[in-house]
Amino acid sequence: MYHSEKPIIQIAYAVENVHNAAKYWSRRFNIGPFYVNEHIKLENTIIKGQSGTFDHSSAYGWKENLMIELICDHCADISPTPERNASGGVHHIAWIANDFEKERKELSSQGCEEVLIANVGHREGMRFSWFDPGEDIGHLFEIYENSKSLTDFYSFLHKASLNWDGKKPVRNVSEIT
């Protein structure tokens, strides 16, 4: 099992529809606003060791000291999401790696299988990777390459949550200026 001194900054839940899930989470847990990004563009995508395409949508919100991601995996063929995580529940937890390559090697050396690595098409090509630590954990680990665009995005979500008046709980990520 992997142990990290890095703080968990995100928890993601697998959902079937990010819009419906964001509305529900907003109403049920008073989280908002959520920003939806559909069919997120990725580049240099490797899924389970093979070049591929990972089609997914996400809604991002913030609660206290944690980003909440609601993620929908649209992949019909090969998917990095284990079947145990595809239909609901915790999908992954995430942290920012100051040394992305070192973190990847460390996770691999501790028996975690890298099931996805990609560059985000926007946000200056920031890299992220998913690791499957196995059945005993029950969800994936995600590591982010530390970048200003990523920390700016997290800061924006945090500030938006502090100023949220409860109106318009679901928004499009294109509304972020």
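(A) Main features of the nonpolar core. Phe-128, Trp-130 and Tyr-144 are the most contacted members of the largest nonpolar core, which has 27 residues in total. Counting only elements with at least two residues in this core, the list comes to strand E3 (42-47), strand E5 (56-63), strand E6 (66-73), strand E7 (89-97), strand E8 (113-120), strand E9 (127-132), strand E10 (140-145) and helix H4 (148-163). Of all the elements, H4 adds the most residues to this core, at five residues. Not counting chain neighbours up to four residues away, the residues in contact with Tyr-144 comprise Gln-10, Glu-69, Ala-94, Trp-95, Ile-96, Ala-97, Phe-100, Met-126, Arg-127, Phe-128, Leu-150 and Tyr-154. Ranked by size, the runner-up nonpolar core spans 24 residues in total, among them Ile-11, Phe-100, Cys-112 and Ile-117.

(B) Representation of the sheet that holds E3. Here 11 strands make up an open sheet; going across it, the order is E4-E3-E8-E9-E10-E7-E1-E6-E5-E2-E11 and the pairing mixed. Whereas interior strands pair on both sides, the edge strands pair on one side only; in this sheet they are strand E4 (50-51) and strand E11 (170-172). Of the pairings in the sheet, the one linking strand E1 (residues 10-14) to E6 comprises five bridges and is parallel in character. Within E6, the residue paired with Ala-12 across the bridge is Glu-69. Most of the contacts of helix H1 (residues 18-29) go to E6, to which it runs at about 150°, and overall it touches E1, strand E2 (34-37), E5, E6 and E11. Here H4 sits on the sheet in contact with E1, E2, E5, E6, E7 and E10, set at roughly 55° to E5.

(C) Representation of unusual backbone geometry in the model. The step from Gly-32 to Pro-33 runs through a cis peptide bond, and the omega angle for that step is -10°. Here Pro-33 is to be found in the loop between H1 and E2. The residue Asn-30 is not glycine, and still its phi comes out positive at about 55°. Following the sequence through the fold, Asn-30 ends up in the loop between H1 and E2. With phi around 55°, Asn-44 is a residue other than glycine that occupies positive phi space. Among the secondary structure elements, Asn-44 is positioned in strand E3.

(D) Inspection of the packing of aromatic side chains at higher detail. Going through the model one piece at a time under the given rule, you end up with nine aromatic pairs. For the pair Tyr-13 and Trp-25, a centre-to-centre distance of 4.6 Å together with 45° between the ring planes defines the contact as tilted. Of the two residues, Tyr-13 is situated in strand E1 and Trp-25 in helix H1; the sequence distance between them amounts to 12 residues. Here Tyr-35 and Phe-156 contribute two aromatic rings whose centre-to-centre distance is 5.3 Å and whose plane-to-plane angle is 70°, an arrangement assigned as edge-to-face. Residue Tyr-35 is located in strand E2, and its partner Phe-156 is located in helix H4; the two are separated by 121 residues in the primary sequence. Exposure remark for Phe-156: the relative accessible area of 25% places this residue in the partly exposed category.

(E) Molecular detail of the environment of Ile-143. Relative to the assigned elements, Ile-143 resides in strand E10. Take Ile-143: its relative accessible area is 0%, and that puts it in the buried class. For the pair formed by Ile-143 and Ala-97, sequence separation is 46 residues and the distance between their alpha carbons is 6.1 Å. Those residues in contact with Ile-143 that lie beyond four places of it in its chain are Trp-95, Ala-97, Phe-100, Glu-103, Arg-104, Leu-107, Arg-127, Phe-128, Ser-129 and Phe-131.

Definitions and cut-offs
Throughout this document, residue positions are counted from 1 along each chain, in the order its sequence is written. Whole-chain, interface and lining totals are the exception, using all residues; otherwise, since this is a predicted model, local features are given only for residues with pLDDT of at least 70 and side-chain atom pairs are given and counted only at 80 or more. Heavy atoms throughout the structure, all of them, feed into the side-chain values; hydrogens and water do not. Take the buried residues of types Ala, Val, Leu, Ile, Met, Phe, Trp, Tyr and Cys, join any two whose side-chain atoms come within 4.5 Å, and each joined set is a nonpolar core. Burial status follows relative accessibility: with a 1.4 Å probe on protein chains alone, a residue under 20% of its type maximum counts as buried, one over 50% as exposed, and anything between as partly exposed. Segments assigned H or I by DSSP are reported as helices when at least four residues long, segments assigned E as strands when at least two residues long, and all are numbered from the N terminus. For this analysis, residues touch if any pair of their heavy atoms sits within 4.5 Å. What makes two strands pair is DSSP finding at least two bridges between them. Lines fitted to C-alpha atoms define the axes, with helix axes restricted to the stretch in contact, and inter-axis angles between N-to-C directions lie between 0 and 180 degrees. Here a Phe, Tyr or Trp ring, Trp counted by its six-membered ring, pairs with any other such ring whose centre lies within 6.5 Å, and the pair is stacked when the planes are under 30 degrees apart, edge-to-face when over 60, and tilted otherwise.

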